[in-house]
Amino acid sequence: MDEVFVEQIIKRGTSLSGVLLRILSVFIVLIGVMSILWLGILGFTLTVLLGYASYMVWSYTSVEYEYSLLNGDLTVDKIMGQSKRKNIANYDIREAEIIAPVMSEQVVRASMNAVVKDYSAGGKVNTIYAMIINNANGKVKILLEPNEKVIEAMHHVRPNIVVKGE
């Protein structure tokens with residue numbers, strides 16, 4: 001069997017709560033800057049600490065997912081702030097029932113009572129694919145946003161279950 005390896009990184013859109021946290025952190029830093037006038041060196045120290053906290057909020061509300069497919073093993077990593085990487089899931093697509101666009105009839109039928117794991121960018125529904133896996137934890141519906149290379153690689157490994165979208 002040929003060795004199949006593809007990778008893809010997608011940036012997850014910032015949620016409403018993430019945007020609100022970012023705005024709040026900027027306002028708090030501005031208040032810290034104004035506190036320098038009243039508190040002097042203590043206000044400066046406070047501003048530096050609040051600036052660091054604001055940096056942490058901005059970096060942790062920036063989320064990317066990396067999909068790596070190696071010979072049927074799909075690995076999903078979460079990248080926070082473009083620096084901290086954490087492996088969050090590993091799936092064997094040879095155990096998958098179906099891999100198809102999320103709104104397809106096959107996925108809707110197969111995903112009844114399934115636990116949903118969303119690793120998509122949160123973009124348009126027509127670019128999101130679902131992979132249904134029945135494992136020891138029960139039925140799991142994994143939402144991905146693969147590009148053509150990843151879809152082709154999955155099709156190469158399991159051509160009978162991968163349904164390509166339009």
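Residues numbered from 1 in each chain as written. Predicted model: local features only at pLDDT ≥ 70, side-chain atom pairs only at ≥ 80, totals over all residues. Heavy atoms only, no water.

**Student:** Describe in detail the sheet that holds strand β6 (residues 115-118), supporting the description with residues and values.
**Tutor:** The strand order across the open sheet formed by four strands is β5-β7-β8-β6, and the pairing between neighbours is mixed. Only two strands of the sheet have a single neighbouring strand rather than two, namely β5 (96-101) and β6. The average angle at which neighbouring strand axes cross in this sheet is 20°, direction not considered. Pairing analysis gives five bridges linking β5 to strand β7 (residues 129-135), with the strands arranged antiparallel. Pairing of Ile99 across the sheet is with Met131, part of β7. (Pairing = 2+ DSSP bridges. Helix = DSSP H or I, 4+ residues; strand = E, 2+ residues; numbered from the N terminus. Axes fitted to C-alpha atoms, helices over the stretch in contact; angles between N-to-C directions.)

**Student:** Could you give an account of the environment of Ile10, with specific residues and numbers?
**Tutor:** By the element assignment, Ile10 lies in strand β1 (residues 5-11). Look at Ile10 and you get buried, because its relative accessible area is 9%. Linking Ile10 and Asn147, residues 137 residues apart in sequence, is a C-alpha distance of 9.5 Å. Discounting chain neighbours no more than four positions away, the residues touching Ile10 are Val63, Glu64, Tyr65, Tyr67, Tyr119, Ser120, Ala121 and Glu145. (Buried < 20%, exposed > 50% of the residue type's maximum accessible area, 1.4 Å probe, protein only. Contact = heavy atoms within 4.5 Å.)

**Student:** Which residues make up the nonpolar core, and what are the values?
**Tutor:** Of all hydrophobic cores here, the largest spans 30 residues; its most connected members are Leu74, Ile99, Tyr119, Met131 and Met154. Put simply, the parts of the chain that give this core at least two residues each are β1, β2 (63-70), β3 (73-80), β4 (84-92), β5, β7, β8 (138-144) and α4 (148-157). Of all the elements, α4 adds the most residues to this core, at five residues. Membership of the second largest hydrophobic core comes to nine residues, among which are Ala100, Val107, Ala110 and Ile132. (Core = buried A, V, L, I, M, F, W, Y, C linked by side-chain atoms within 4.5 Å.)

**Student:** How would you explain the sheet that holds β4 if you had to name every residue and give the values?
**Tutor:** Spatially, the four strands line up as an open sheet ordered β1-β2-β3-β4, and their pairing is antiparallel. Each edge of the sheet is formed by a strand with only one pairing partner; in this case those strands are β1 and β4. When the angles between neighbouring strand axes are averaged without regard to direction, this sheet yields 20°. Sheet topology note: the β2/β3 ladder contains eight bridges and is antiparallel.

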